[in-house]
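Chain residues, written in single-letter form:
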Amino acid sequence: MATITLKGNQIHTNGELPKVGEKAPNFELIKTDLSKVTLEDYKGTKIVLNIFPSIDTGTCAASVREFNKKASELENTKVVCVSRDLPFAQARFCGAEGIENVETASDFATGSFGKDYGLEIIDGPLANLHSRAVVVIDEEGNVIYTEQVSEIVDEPNYENALKSL
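I will try to describe carefully the structure that is included in this document. Quick caveat, the model's predicted, so the values are computed rather than measured.

### Focus on the overall build of the chain
Of regular secondary structure, the chain possesses four helices and nine strands. Listing every helix and strand of the chain by position from the N terminus yields β-β-β-β-β-α-β-α-β-α-β-β-α. A globule of 165 residues ought to have a C-alpha radius of gyration of about 15 Å, and the chain, at 14 Å, matches this closely. Split into buried and exposed, the 165 residues of the chain put 52% on the buried side. Excluding contacts between residues fewer than 6 apart, the proportion of contacts in the chain whose partners are at least 24 apart in sequence is 64%. Roughly 7600 Å² of accessible area belongs to the chain as shown, and the carbon and sulfur atoms make up 47% of that amount. A distance of 1 Å separates the average location of the 16 positive side-chain charges in the chain from that of its 26 negative side-chain charges.

### Section: the packing of aromatic side chains
Under the criterion given, the structure shown has three aromatic pairs. Measuring from ring centre to ring centre gives 5.7 Å for Phe27 and Phe113, while their planes differ by 80 degrees; the resulting arrangement is edge-to-face. Taken together, the positions of Phe27 in the loop between strand S2 (9-12) and strand S3 (28-30) and Phe113 in helix H3 (residues 112-116) put the pair 86 residues apart, joining distant regions of the chain. With respect to class, Phe27 is no different from Phe113; both count as buried. Site record: aromatic cluster; members linked through ring pairs are Phe27, Phe113 and Tyr117.

### Points about the layout of surface pockets
Volume-wise, the largest pocket comes out at about 160 Å³. What lines the largest pocket is a set of 13 residues, and nearest its centre among them are Leu39, Glu40, Lys43, Glu140 and Gly141. Of the residues belonging to the lining of the largest pocket, the class tally is four nonpolar, three polar and six charged.

### Quick look at the environment of Ser112
Relative to the helices and strands, Ser112 is located in helix H3. In this structure, the C-alpha to C-alpha distance between Ser112 and Val102, residues 10 residues apart in sequence, is 22 Å. Polar side-chain contacts of Ser112 include one of 2.9 Å to the side chain of Thr110.

### Digging into the environment of Lys31
Following the sequence through the fold, Lys31 ends up in the loop between S3 and strand S4 (36-38). Judged by its relative accessible area of 30%, Lys31 is partly exposed. Here the alpha-carbon distance between Lys31 and Asp107, two residues 76 residues apart in the chain, equals 9.4 Å. Sequence-distant contacts of Lys31, that is, excluding residues within four places in its chain, are made with Val37, Pro87 and Thr104.

### Structural notes on unusual backbone geometry
For residues besides glycine, phi is generally negative; the peptide bonds are generally trans as well. You will see that Lys7, though not glycine, has its phi angle at about 55 degrees, which is positive. Mapped onto the fold, Lys7 is located in the loop between strand S1 (3-6) and S2. Looking at Lys7, the relative accessible area reads 67%, which means it is exposed. With phi around 70 degrees, Leu34 is a residue other than glycine that occupies positive phi space. On the secondary structure map, Leu34 appears in the loop between S3 and S4.

Procedures and definitions
- Residues numbered from 1 in each chain as written.
- Predicted model: local features only at pLDDT ≥ 70, side-chain atom pairs only at ≥ 80, totals over all residues.
- Heavy atoms only, no water.
- Helix = DSSP H or I, 4+ residues; strand = E, 2+ residues; numbered from the N terminus.
- Rg over C-alpha atoms; globule rule 2.2 N^0.38 Å.
- Buried < 20%, exposed > 50% of the residue type's maximum accessible area, 1.4 Å probe, protein only.
- Contact = heavy atoms within 4.5 Å.
- Areas by Shrake-Rupley, 256 points an atom, 1.4 Å probe, with all protein chains shown as cover.
- Lys, Arg positive; Asp, Glu negative; His and termini not counted.
- Charge placed at Lys NZ, Arg CZ, Asp CG, Glu CD.
- Phe/Tyr/Trp six-rings, centres within 6.5 Å; stacked < 30°, edge-to-face > 60°.
- 1 Å grid on protein atoms, 1.4 Å probe; cavity = no way out; pocket = protein on both sides within 12 Å on 5 of 7 lines; lining within 4 Å.
- Points joined across faces, edges and corners; volume = space filled by probe spheres on them.
- Nonpolar A, V, L, I, M, F, W, Y, C, P; charged D, E, K, R; others polar.
- Polar contact = N/O pair within 3.5 Å; in protein donor to acceptor, adjacent residues only side chain to side chain.

Next comes the structure, spelled out in structure tokens:
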């Protein structure tokens, strides 16, 4: 269990992020067209998982915008923004913001991504949502970088995540 804060108040996740060097846990998420996407679909491609509670909050939206700016410069890399928001909300946000360089994927159906990656919030006002985290996976499905953002209203360290590529 990881301890993080929400505006200084402690909250907890159901576990720990996968360790660097481990195989990334498989996942099945829902894209904005309601099709399913799995880790296997990205085989041979590096993946930056930008994970957050809800696209409808300021910090979460800022992280999607920032990764969208950086994504077009990345070679053989997909940035996937993951939350428990409905795919319709993710599509609405990306359309309104002109977000075209990242993909969004929802864990709304089962919540298994959050549980398997150890980042489901288990208490406090954001219970059942995802903590703010970044996980970078190489072409073979190995975790090469993780960041569990300790204060959920703070943005992740974009530069460190991208340097890991």
